[in-house]
Amino acid sequence: MTALLKGKRGLVMGVANERSIAWGIAKAMHEAGAELAFSYQGEAFGKRLEPLAASVGSDFMVDVDVTDDASLDAAFEALEARWPTIDFVIHAVAFSDKSELTGRFLNTSRANFKHSMDISAYSFIEVARRAHPMMIENGGTLLTLTYQGSNRVVPNYNVMGVAKAALESATRYLANDLGPEGIRVNAISPGPMKTLAGSAIAGARKTYKHTDQNAPMRSNATLEAVGGTAVYLCSEAGACTTGEIIRVDGGFHVLGMPQPDHL
Ligand code: NAD
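Residues numbered from 1 in each chain as written. Predicted model: local features only at pLDDT ≥ 70, side-chain atom pairs only at ≥ 80, totals over all residues. Heavy atoms only, no water.

K.L.:
Provide a residue-level description of the overall build of the protein, including the pertinent values.
P.N.:
Counting its regular elements, the protein contains seven helices and seven strands. Beginning at the N terminus, the succession of helices and strands in the protein can be written as β-α-β-α-β-α-β-α-β-α-β-α-α-β. For 263 residues, the compact-globule estimate of 2.2 N^0.38 gives 18 Å, and the C-alpha radius of gyration of the protein, at 18 Å, lies within 12% of that figure. In terms of overall dimensions, the protein has a C-alpha envelope of 55 × 40 × 40 Å along the principal axes. Counting across all 263 residues of the protein, residues that qualify as buried make up 51%. When contacts within the protein are restricted to residue pairs at least 6 apart in sequence, long-range pairs at least 24 apart make up 75% of them. Roughly 12,500 Å² of accessible area belongs to the protein as shown, and the carbon and sulfur atoms make up 53% of that amount. Side chains of the protein give 24 positive and 28 negative charges; the mean places of these two sets differ by 9 Å. (Helix = DSSP H or I, 4+ residues; strand = E, 2+ residues; numbered from the N terminus. Rg over C-alpha atoms; globule rule 2.2 N^0.38 Å. Buried < 20%, exposed > 50% of the residue type's maximum accessible area, 1.4 Å probe, protein only. Contact = heavy atoms within 4.5 Å. Areas by Shrake-Rupley, 256 points an atom, 1.4 Å probe, with all protein chains shown as cover. Lys, Arg positive; Asp, Glu negative; His and termini not counted. Charge placed at Lys NZ, Arg CZ, Asp CG, Glu CD.)

K.L.:
Quick one: what's the story with helix 5 (residues 159-178), residue by residue and with numbers?
P.N.:
Between its terminal C-alpha atoms helix 5 stretches 28 Å, which fits the 28 Å expected from 20 residues at 1.5 Å a residue. Looking at helix 5, one finds that the buried residues are Val159, Met160, Gly161, Ala163, Lys164, Leu167, Glu168, Ala170, Thr171, Leu174, Ala175 and Leu178. Those residues of helix 5 that are buried lie in contact with strand 4 (88-91), helix 4 (110-131), strand 5 (140-145), strand 6 (183-190) and strand 7 (245-248). (Expected span 1.5 Å × (residues − 1).)

K.L.:
I'd like a description of the sheet that holds strand 4, backed by residues and values.
P.N.:
Strand order in the open sheet made by the seven strands is 3-2-1-4-5-6-7, with parallel pairing throughout. One side of each edge strand has no neighbouring strand; the edge strands of this open sheet are strand 3 (61-63) and strand 7. If you compare each strand with its neighbour and ignore which way they point, the axes differ by 20° on average. Relative to strand 2 (residues 35-40), strand 1 (residues 9-13) runs parallel, the two being bridged by five bridges. Within the sheet, the bridge partner assigned to valine 12 lies in strand 2 and is phenylalanine 38. The strands touched by helix 1 (residues 21-31) within the sheet are strand 1, strand 2, strand 4, strand 5 and strand 6, with strand 2 carrying the most contacts at an inclination of about 165°. Along the sheet, helix 5 makes contact with strand 4, strand 5, strand 6 and strand 7, crossing strand 6 at roughly 160°. (Pairing = 2+ DSSP bridges. Axes fitted to C-alpha atoms, helices over the stretch in contact; angles between N-to-C directions.)

K.L.:
Describe the environment of arginine 205, and please don't skip the residues or the numbers.
P.N.:
Mapped onto the secondary structure, arginine 205 falls in helix 6 (residues 204-214). Sequence-wise, arginine 205 and glycine 149 are 56 residues apart; in three dimensions their C-alpha atoms are separated by 16 Å.

K.L.:
Quick one: what's the story with the packing of helix 3 (residues 69-82) against helix 4, residue by residue and with numbers?
P.N.:
Packing of helix 3 against helix 4 leaves a shortest axis separation of 10 Å and a crossing angle of 35°. Between helix 3 and helix 4 the crossing geometry is right-handed. Contacts from Asp69, Leu72, Asp73 and Phe76 in helix 3 reach Glu126, Val127, Arg130 and Ala131 in helix 4. Residue classes in the contact of helix 3 with helix 4 are distributed as four nonpolar, no polar and four charged. (Left-handed = near helix turned anticlockwise from the far one by under 90°. Nonpolar A, V, L, I, M, F, W, Y, C, P; charged D, E, K, R; others polar.)

K.L.:
Before we move on, could you go through the packing of aromatic side chains and cite the residues and values that matter?
P.N.:
A full pass over the atoms with the stated rule returns three aromatic pairs. Ring centres of phenylalanine 60 and tryptophan 83 lie 6.2 Å apart, and the angle between their planes is 15°; on these two criteria the pair is classed as stacked. Here phenylalanine 60 is found in the loop between helix 2 (43-55) and strand 3, whereas its partner tryptophan 83 is found in the loop between helix 3 and strand 4, with 23 residues between them in sequence. Accessibility assignment for this pair places phenylalanine 60 and tryptophan 83 in one class, buried. Relative to tyrosine 157, the ring of tyrosine 147 has its centre 4.8 Å away and its plane inclined at 70°; by these criteria the two rings are edge-to-face. One end of the pair, tyrosine 147, is in the loop between strand 5 and helix 5; the other, tyrosine 157, is in the loop between strand 5 and helix 5, with 10 residues separating them in the sequence. When sorted by exposure, tyrosine 147 lands in the same class as tyrosine 157, which is buried. (Phe/Tyr/Trp six-rings, centres within 6.5 Å; stacked < 30°, edge-to-face > 60°.)

The structure is reproduced here in C-alpha cells:
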C-alpha cells in the first residue's frame, strides 16, 4: 500500500479523536503517501486534532460546521488557495440528538429528523458541489461513511437509519452526475465501532458484542481495515468503482441468523 496514494492530496472531514473512523482513514492514507488537510467542528475538537494532524505531517486544519454554508465556503476557499486541485474528500460526519437514538422510531421529532438529515446526508451534497471544481482537472474520489441500519432495522439506530438510506442514495446520484468528469463517489459501510458517535446509540455495547461474536470473521471492523478500504477506493486500484457501498463488517451483513452458540 505504501505508494498507492503518492502525489495525491485531499481533505479529511470528521476527526474528533484518535478513535474516529476518519482518523483510521487519515492514518492509512498518510501511510499510502497522501498529503492531508483536515476539517474539524469547533475549537475543542480543533485542539484535539492538532497533534494528530501534526503526526501525519499536516498543518492544514479548518473549522467547518456542515450546516453552515458560509463555513463550508470559507473552508473550500482556503483549501483551494493552498491546493488548486485535490484528489479526494473523506466525509465522515454524522449527528442525531442522542435522546432519539433510543426507544421507538415512531417518536422521531420533525426538528431532529431535519437536523439529522441535514448533517448526516445533505451535507455530502454540499461538500461534493464545492469539491468537484477542484477535481475536474485530474478526476478524484468522494468518500462517505454509512451503516447497514440504512436498509435493515437496527434497534435504536432510528432516524440515523433513514439518514443513511438518503446518504447511500445520494452517493449513487452523485456518482452518476460526476462520473463523466472522472470523479468517483463511494461509501464505506463498517460494522459497529467504538467511537464518540457510535456510543451515542443506545445499547451500543451490546450491538458491538453481538456483531463481534456472530460475524463470519468473528470480529468487528477495525480502523486499519476501514482505512485500507479507503486507500483502495481513492487509488487507481479503485478506478472502475463508483456508486458503491463497500461493507467492512467482518461479513455480518450476510447472516440470516446468529451463530447457534449465541442464540
Ligand atoms: P466520531 O464521533 O468520531 O465522528 C463524527 C464526526 O462528525 C465528529 O468529528 C463530529 O465533529 C462530526 N460532526 C458532527 N456534526 C457536525 C457538523 N455539524 N459539522 C461538522 N462536523 C460534524 O464518530 P465516527 O463513528 O468516526 O463517525 C464517522 C462516520 O462513520 C459517521 O458518518 C458515522 O455515522 C459513520 N459510521 C460509524 C459507525 C460506528 O459504529 N461508529 C459505523 C458505521 C458508520
